Structure formats: C-alpha cells, structure tokens
Amino acid sequence: MLELLLPSELFLLVEKEYNAQRLNEIRIRLNSAVVVCVAGVNKHLSMGGSSIIATRQLIDGILYRATHNSLYAFNEQIKQGFVTYSGIRLGIAGRVIKEKDDLKTVKDITSLNIRVPCVVKTSGQQIYSGLFGEQIYNTLVLSPPGAGKTSMLRDFASLLSRDSRMLNVLIADEREEITFNKNLTNVDVFLNCTKTFAFTNGIRSMRPDIIITDEIGTESDIHCIEQAITCGVKVIATAHANNLQDLSNKKNMKYLLDMGLFERFIVLSTRSGIGTLEGVYDSAFSKIF
C-alpha cells in the first residue's frame, strides 16, 4: 500500500532502491533528509547522490492520503500519536494542543515514521503446536521493537481462527496491525479502539474464550488483562522487552508477574534475523523449549 501513501516519485525511488531488501521504516522530518531503515540499518534516501529533503508539502500530502483528506476524522488516533492506513502505522510528532489537562489534538506535524509491514518468518506454527496443543495458556510474547512479536501474534490469531476446537477468539486490534493482511474467520475484532473499551465491552457482549492484543504496558492495560484472566478469559499479548529480566524491571509488568497471571513467555530477538526464537518459558521462568 506504500504506492498509495507516498508521492509517486518517492515511491518509485524507494521501490527501485530497496524493493529486494527488508525495508522496515521511512522517517520523514521537516527540512531534514529522509531516512530509510533497511534490515535495521538507517541510511539517507538519495537521488543522484543528493539526499532528499522533506518539505511541508511532502508531509502534508502523506498525511492527507493516510486520513483520506480528513485529519479531523482520525483525531482519536492522532491524539495517541499515530495514524493507521491499510495496515501501515504512521507515527507522528508535532505541536500538542491541550485544553487544561485534556489533550485535544496534535497539529503542525513535523515528523512521520512510516512503519512498513512485512512478512516475517516466525516460529508461530511450531510454537502453537507445542504450546497450545492440549490447552491454551495465558501467554506473553516479548521482544525489542521490530523483532517480530506482532508477526507472531498474527500467526497465533490465524491458527486460532482455524482451530478445530472452535474457540471464541476476540482480537483487540488497537492500531489495526494484528488483523492486517490476514484472512481470519471465526474471530471477533475490535479495531481502532483502546484496550479498555475492547476488553470491557468484548467480555460483556462477545463471551470470548481468548483475547489477543498487542503491546501492553500501561497501567490501564494491566488492569484490563487482570480483569480478563480473573474472569476466566485467556489472554495472548505482546510487550516490549529484551528478555525476562528486562520485563521484570518494568513497574507495571512486575505487578503482572507477581500476580502470576501469565503462564507462558515467548522471547524473540534479532540475533539471527528478525523473529529469532530465544526460548519459551513457564511462569517460573524455566525454559520449556
């Protein structure tokens, strides 16, 4: 979908230079050189030996395409610092407008971080068979940013949607990334809403056996997960962390660990490429496989 989001000249240049490589991000900052992240390495995007400088016209044009010419319609996303366009997440930065303590919007946007979705080969099928063959465990997938945890979550969602046990699966897809480019059946999905809304309303109205969600970490996220698990709903989620020790050092996550709510932990890294499986651990942090 990049061809619909970027100006044609910029898209053709990106496609020509990086189509055969793993393009992760395109960073566009007003009056600065456009930066592309390829296989985890940042480099300037250039034409004829000269770096391409981001203009106000370039930033505004991409924003208008991403919001279908209506920034106002996407204001709830903008207030959270991103816009989602056909599975592509655009991180944004600019002038924050507040009224007393109420965040109204972000204006005069000066930075865009276009996170390019790509197919990452993960161990999702192998782990699913070994981990969820007899029962579903409350599971947390850990990795640093860009190491494949959302891709693994997509794999789990797809496999659960086809599971012969016909479990009721609810996906809380806050940024519209879990269900991107996946042909899912027999699942219920809340798109572009807070986890609080999806968990509260989903448990009340959809009676899920399992809730899948991405990137937990805030106090409200922890509260939602605690409520779901104590109600008997299984949760499969992801979190930013380099390893289990790093996870233990995060204040909100430490509470979940102390409560013993998650039963399995999957740790990914980029050590041997994106999606490297470092291990699967039980609630006592003992490696299972």
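Structure shown above.
A. Structural context of the environment of Ile203. Structurally, Ile203 can be placed in helix α7 (residues 195-206). Accessibility expressed as a relative area gives 26% for Ile203, which makes it partly exposed. A sequence separation of 22 residues divides Ile203 from Ile225, and the C-alpha atoms of the two residues are 11 Å apart. Those residues in contact with Ile203, other than ones at most four positions away along the chain, are Ala198, Pro208, Ile211, Ala228 and Val233.

B. Region of interest: unusual backbone geometry. One non-glycine residue, Glu176, lies in the positive phi region at around 60 degrees. Tracing the sequence through the fold places Glu176 in the loop between β10 (169-173) and β11 (187-191). A positive phi angle is found at Glu215, which is not glycine, with a value near 50 degrees. Under the relative-accessibility criterion, Glu215 is labelled buried at 12%.

C. Molecular detail of the sheet that holds strand β8 (residues 102-115). If you walk across this open sheet you meet the 6 strands as β3-β2-β1-β8-β7-β6, and the pairing is antiparallel. One side of each edge strand has no neighbouring strand; the edge strands of this open sheet are β3 (41-44) and β6 (82-85). Put simply, the sheet's adjacent strands are angled 35 degrees from each other on average, direction ignored. Strand direction decides the pairing type here: strand β2 (residues 35-38) and β3, joined by 4 bridges, are antiparallel. Within β3, the position partnered with Val35 by the bridge is His44. Contacts between helix α3 (residues 56-66) and the sheet are confined to β1 (23-29), β6, β7 (88-99) and β8, with β8 contributing the most and set at about 105 degrees to the helix.

Criteria and cut-off values
- Residues numbered from 1 in each chain as written.
- Predicted model: local features only at pLDDT ≥ 70, side-chain atom pairs only at ≥ 80, totals over all residues.
- Heavy atoms only, no water.
- Helix = DSSP H or I, 4+ residues; strand = E, 2+ residues; numbered from the N terminus.
- Buried < 20%, exposed > 50% of the residue type's maximum accessible area, 1.4 Å probe, protein only.
- Contact = heavy atoms within 4.5 Å.
- Pairing = 2+ DSSP bridges.
- Axes fitted to C-alpha atoms, helices over the stretch in contact; angles between N-to-C directions.

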